[in-house]
Amino acid sequence: MLAFVLRRLFQAVIVMVAVAFIAFMLFQYVGDPVVFLLGQDASPQQIRELRSDLGLDQPFFVQFWHFLLNAAQGEFGLSLRQGAKVSRLIAERFPATLELALIAALLALLIGVPMGVYAALRRGTFMSQLFMTLSLLGVSLPTFLIGILLILVFAVTLGWFPSFGRGETVQVGWWSTGLLRADGWHHIVLPAVTLAVFQLTLIMRLVRAEMLEVLRTDYIKFARARGLSNRAVHFGHALKNTLVPVLTITGLQLGGLIAFAIITETVFQWPGMGLLFIQAVTFADIPVMAAYLCLIALIFVAINLVVDLLYFAVDPRLRVSKSESH
């Protein structure tokens, strides 16, 4: 296990260095930060002095090394649009995005897994066919269209939920949360449902396919031959082995929810990192774009490591094979 973790950590470092290099290249080829900071009317003397202060007159690899050191400390300089530290902007927006992604992932799991199990165990029934039809709609419809439809129906027509914003928040240390206020829960419903629809249908179809495959295996037939009840076979044996690929998809999708909440946050004007990134792209705010890229890569790497470790807890066959190999 220790060797596995160390190998994964080494791979994670390589990935992060590669992502940091890509982020660093944004500074080299996507506009000149000196021009953004000083404007077009700056004198050559001012430009030279600022370049020297920022270290932009140093060799390429020296600049990249300094960038790596600063990135490891969470420092990406100042936002060219807002003039504030990028680390502070990210820290202010990250809680909103993480809460939205976690609620969406929880909805997708709590609804998608039972629907997938039901669709597998009750094939051919009306409800099973209805679930599969709804899953096709969820996979096919783009996220922004789902969000707009939800706003039209539940915010504009029925007036049940607000159509934008995060609502009332509470500061818990440096963390701002809306989950401790009823108004915060009221605001998060529509964006969370919008973000969860695609993941929910994906998990449902995956659970159904894996459940059907597991139910055809020999050890399930042996369990039935021993006289075990359907409940014990379905939930004690089949579902447990079905959860291994579901863990992979759920882990990766959580990273995807955080990374690709951009559309949902834009539609609902949710004050998270996605909306900050869209604004950074619009104004060519390179430090914010680089910080967002590195942070998302770090989240994906961390989630992949956690998912790999969870395999050993969920699937005993992996522990057996590892011990036999040693």
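Structural notes, computed from the coordinates. Here the structure is a predicted model, which means the values were calculated and not measured.

Cut-offs and rules
- Residues numbered from 1 in each chain as written.
- Predicted model: local features only at pLDDT ≥ 70, side-chain atom pairs only at ≥ 80, totals over all residues.
- Heavy atoms only, no water.
- Helix = DSSP H or I, 4+ residues; strand = E, 2+ residues; numbered from the N terminus.
- Buried < 20%, exposed > 50% of the residue type's maximum accessible area, 1.4 Å probe, protein only.
- Contact = heavy atoms within 4.5 Å.
- Areas by Shrake-Rupley, 256 points an atom, 1.4 Å probe, with all protein chains shown as cover.
- Phe/Tyr/Trp six-rings, centres within 6.5 Å; stacked < 30°, edge-to-face > 60°.
- Axes fitted to C-alpha atoms, helices over the stretch in contact; angles between N-to-C directions.
- Left-handed = near helix turned anticlockwise from the far one by under 90°.
- Nonpolar A, V, L, I, M, F, W, Y, C, P; charged D, E, K, R; others polar.
- Salt bridge = Lys/Arg side-chain N within 4 Å of Asp/Glu carboxyl O.

1. Remarks on the overall build of the protein
Here is step 1 of the chain: What the protein contains, in helices and strands, is 14 helices and 2 strands.
Here is step 2 of the chain: Every one of the 326 residues in the protein was classed for burial, and the buried ones make up 40%.
Here is step 3 of the chain: In the protein, once contacts between residues fewer than 6 apart in sequence are set aside, the share between residues at least 24 apart is 71%.
Here is step 4 of the chain: With an accessible surface of roughly 17,700 Å², the protein has 68% of that area assigned to carbon and sulfur atoms.

2. Here we look at the packing of aromatic side chains
Here is step 1 of the chain: A complete count under the given rule lists 6 aromatic pairs for this structure.
Here is step 2 of the chain: Plain terms: the ring middles of Phe154 and Trp160 are 5.9 Å apart, the flat faces sit at 45° to each other, and that makes the pair tilted.
Here is step 3 of the chain: By relative accessible area, which is 26% here, Phe154 ends up partly exposed.
Here is step 4 of the chain: Among the aromatic residues, ring-to-ring pairing joins Phe154, Trp160 and Phe161 into one connected group.

3. Focus on the environment of Ala105
Here is step 1 of the chain: Along the chain, Ala105 falls in helix H5 (residues 86-121).
Here is step 2 of the chain: By relative accessible area, which is 12% here, Ala105 ends up buried.
Here is step 3 of the chain: Residues Ala105 and Leu195 lie 90 residues apart in sequence; the distance between their C-alpha atoms is 8.5 Å.

4. Some remarks on the side chain of Gln199
Here is step 1 of the chain: Position of Gln199 among the secondary structure elements: in helix H8 (residues 182-215).
Here is step 2 of the chain: Of the residues examined, Gln199 reaches a relative accessible area of 9% and is grouped as buried.

5. Here's the deal with the packing of H5 against H8
Here is step 1 of the chain: At their nearest, the axes of H5 and H8 sit 5 Å apart, and the two run at 35° to each other. Regarding H5 and H8, the two cross each other, and that crossing is right-handed.
Here is step 2 of the chain: Taken together, the residues of the contact of H5 with H8 break down into 28 nonpolar, 3 polar and 2 charged.

6. Brief notes about the side chain of Thr97
Here is step 1 of the chain: Looking at where Thr97 falls in the secondary structure, it is placed in helix H5.
Here is step 2 of the chain: By relative accessible area, which is 0% here, Thr97 ends up buried.
Here is step 3 of the chain: When sequence neighbours within four positions are dropped, the list of residues in contact with Thr97 reads Ile258, Glu265, Trp270, Gly272, Met273 and Gly274.

7. Looking at the pattern of salt bridges
Here is step 1 of the chain: Tallying each qualifying case throughout the model produces 4 salt bridges.
Here is step 2 of the chain: With a shortest N-O distance of 3.4 Å, Glu75 and Lys85 are connected by a salt bridge. Taken together, the residues Glu75 in the loop between helix H4 (60-72) and H5 and Lys85 in the loop between H4 and H5 connect sequence positions 10 residues apart.
Here is step 3 of the chain: Residue Glu75 is classed as partly exposed on the basis of its relative accessible area, which comes to 28%.
Here is step 4 of the chain: Here Glu168 ties to Arg181 by a salt bridge, and the two come within 3.3 Å at their closest N and O atoms. Of this pair, Glu168 sits in the loop between helix H7 (143-157) and strand S1 (170-172) while Arg181 sits in the loop between strand S2 (175-177) and H8, placing them 13 residues apart in sequence.
Here is step 5 of the chain: In this structure Arg181 comes out as partly exposed when scored by relative accessible area, which is 36%.

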